[in-house]
Amino acid sequence: MEYAASPYAGIDGGDENAEYWFVGMEWSSRADFAESYEKWQQQAENPYSKNVDITKGSWVFEEKLQDIYRRLPHTVCDKMIFAEGSNSFKLNLFPLSFNTDDEKKNWANDATAQKTGFANFKAYQQAVVSARQKLFTELLKLNRKEKTIFCFGTGYSEYFATAFDIAESDFAEQTARLSGNRRFYVAAAKNPLIKKIILCPFPRYAFNDKDIEKISSIMIGV
């Protein structure tokens, strides 16, 4: 648990003082898992990069956020999203990568997974998300800028709610649905440093222009 609660386990980069936080579910590849698990073993801090270059490597997810980022108020538009001073910050709900169903279902037979000390994937999620709540609370205390927090993965609503100390039922479905009848949700938070939390489907494919308009209007309070 020390690794899961340490600054900054599973955090990709950006400006922690930013008004806009973008929170993914977990790192995206087994290679990422190998790197993150090594740090888990060491229970070491993982200082995040303050200058993420989304034009290199496998930053497909970040590229899909760029269109939303460009439409937000108070952004520094000559900066790349998640670069230092960009007013954007990239986190992950979980610090390790288990990105396939087989890895999760076959937990007991996965030697790497066993080393985390949890009996199954559900136990890992429940224990780790409590540690993440403590970490996210401490990160929010570092400055006084009010946050708009964008969370990806509607199937993870229980965990996002716990991580940001709200009830899952606080997420209210928006009547303006996204393309393909996909749903997104908005919640207020107890923490005065959080303006709102937007829970949206994971953008497996890029949002179209109408989707971006809907999401952006919610984020800026229109």
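Going by the structure above, here's the rest.
Residues numbered from 1 in each chain as written. Predicted model: local features only at pLDDT ≥ 70, side-chain atom pairs only at ≥ 80, totals over all residues. Heavy atoms only, no water.

Regarding its fold elements, the chain presents 7 helices and 7 strands. Mapped in sequence order, the helices and strands of the chain form the string β-β-α-α-β-α-α-α-β-α-β-β-β-α. Split into buried and exposed, the 222 residues of the chain put 50% on the buried side. Intrachain contacts of the chain at a sequence separation of at least 6 include 74% that bridge at least 24 residues. Summed over its atoms, the accessible surface of the chain is roughly 10500 Å², and 47% of this surface lies on carbon and sulfur atoms. (Helix = DSSP H or I, 4+ residues; strand = E, 2+ residues; numbered from the N terminus. Buried < 20%, exposed > 50% of the residue type's maximum accessible area, 1.4 Å probe, protein only. Contact = heavy atoms within 4.5 Å. Areas by Shrake-Rupley, 256 points an atom, 1.4 Å probe, with all protein chains shown as cover.)

Overall, the coordinates contain 5 salt bridges when judged by the stated rule. Between glutamate 138 and lysine 141 there is a salt bridge, with its nearest N and O atoms 3.4 Å apart. Residue glutamate 138 is classed as partly exposed on the basis of its relative accessible area of 46%. Salt-bridge contacts for glutamate 173 lead to arginine 177; the nearest nitrogen and oxygen are separated by 2.7 Å. On the basis of relative accessibility, which here comes to 25%, the residue arginine 177 falls in the partly exposed class. Residues joined by salt bridges that share partners form a network here, namely Glu173, Arg177 and Arg183. (Salt bridge = Lys/Arg side-chain N within 4 Å of Asp/Glu carboxyl O.)

Strands in a sheet are paired, the pairing made by backbone hydrogen bonds, and the direction either parallel or antiparallel. As summarised here, the arrangement of the 7 strands in space is 1-3-2-4-7-6-5, forming an open sheet in which the pairing is mixed. Since the sheet does not close on itself, it has two edges, and those belong to strand 1 (13–14) and strand 5 (172–173), each with one partner. In this sheet, strand 7 (residues 194–200) lies alongside strand 4 (residues 147–152) in parallel orientation, the contact comprising 6 bridges. Across the sheet, residue phenylalanine 150 finds its bridge partner in strand 7, namely isoleucine 198. Where helix 5 (residues 121–140) meets the sheet, it contacts strand 2 (20–24), strand 3 (88–92), strand 4 and strand 7, and its direction lies at approximately 165 degrees from that of strand 3. (Pairing = 2+ DSSP bridges. Axes fitted to C-alpha atoms, helices over the stretch in contact; angles between N-to-C directions.)

Of all 7 residues making up strand 7, 6 are buried, and the element is well covered by its neighbours. Note: strand 6 (residues 185–187) against strand 7, 3 bridges, orientation antiparallel. Pairing of alanine 187 across the sheet is with isoleucine 197, part of strand 7. Between strand 6 and strand 7, which pair antiparallel in sequence order, lie 6 residues.

Our focus in this paragraph is the packing of aromatic side chains. On inspection of all chains with the given rule, the structure shows 11 aromatic pairs. Between phenylalanine 22 and phenylalanine 82, the aromatic rings sit 5.6 Å apart at their centres with planes inclined by 80 degrees, giving edge-to-face as the arrangement. With phenylalanine 22 in strand 2 and phenylalanine 82 in the loop between helix 2 (60–70) and strand 3, this pair connects stretches of sequence that are 60 residues apart. Comparing phenylalanine 22 with phenylalanine 82, the two get one shared label, buried. Residues phenylalanine 118 and tyrosine 124 carry aromatic rings whose centres are separated by 6.0 Å and whose planes lie at 70 degrees to one another, so their mutual orientation is edge-to-face. When sorted by exposure, phenylalanine 118 lands in the same class as tyrosine 124, which is buried. Three or more aromatic residues joined by ring pairs form one cluster here, namely Phe94, Phe118, Phe121, Tyr124, Tyr156 and Tyr159. (Phe/Tyr/Trp six-rings, centres within 6.5 Å; stacked < 30°, edge-to-face > 60°.)

Here we come to helix 5. Its 20 residues place the ends of helix 5 28 Å apart at the C-alpha level, agreeing with the 28 Å of an ideal helix rising 1.5 Å per residue. Regarding helix 5, the residues found buried are Phe121, Tyr124, Gln125, Val128, Val129, Ala131, Arg132, Leu135, Phe136, Leu139 and Leu140. For helix 5, the N-terminal capping position is held by asparagine 120, with its side-chain oxygen 3.2 Å away from the main-chain nitrogen of lysine 122. (Expected span 1.5 Å × (residues − 1). Polar contact = N/O pair within 3.5 Å; in protein donor to acceptor, adjacent residues only side chain to side chain.)

Glancing now at the nonpolar core. Residues Leu93, Tyr124 and Phe164 are the most contacted members of the largest nonpolar core, which totals 36 residues. If you list the elements that add at least two residues to this core, you get strand 2, strand 3, helix 5, strand 4, helix 6 (157–163), strand 6 and strand 7. Considering each element in turn, this core owes the most residues, 8 residues, to helix 5. For phenylalanine 164, the contacting residues outside a window of four places in its chain are Trp21, Val23, Phe136, Ile149, Cys151, Ile194 and Ile197. (Core = buried A, V, L, I, M, F, W, Y, C linked by side-chain atoms within 4.5 Å.)

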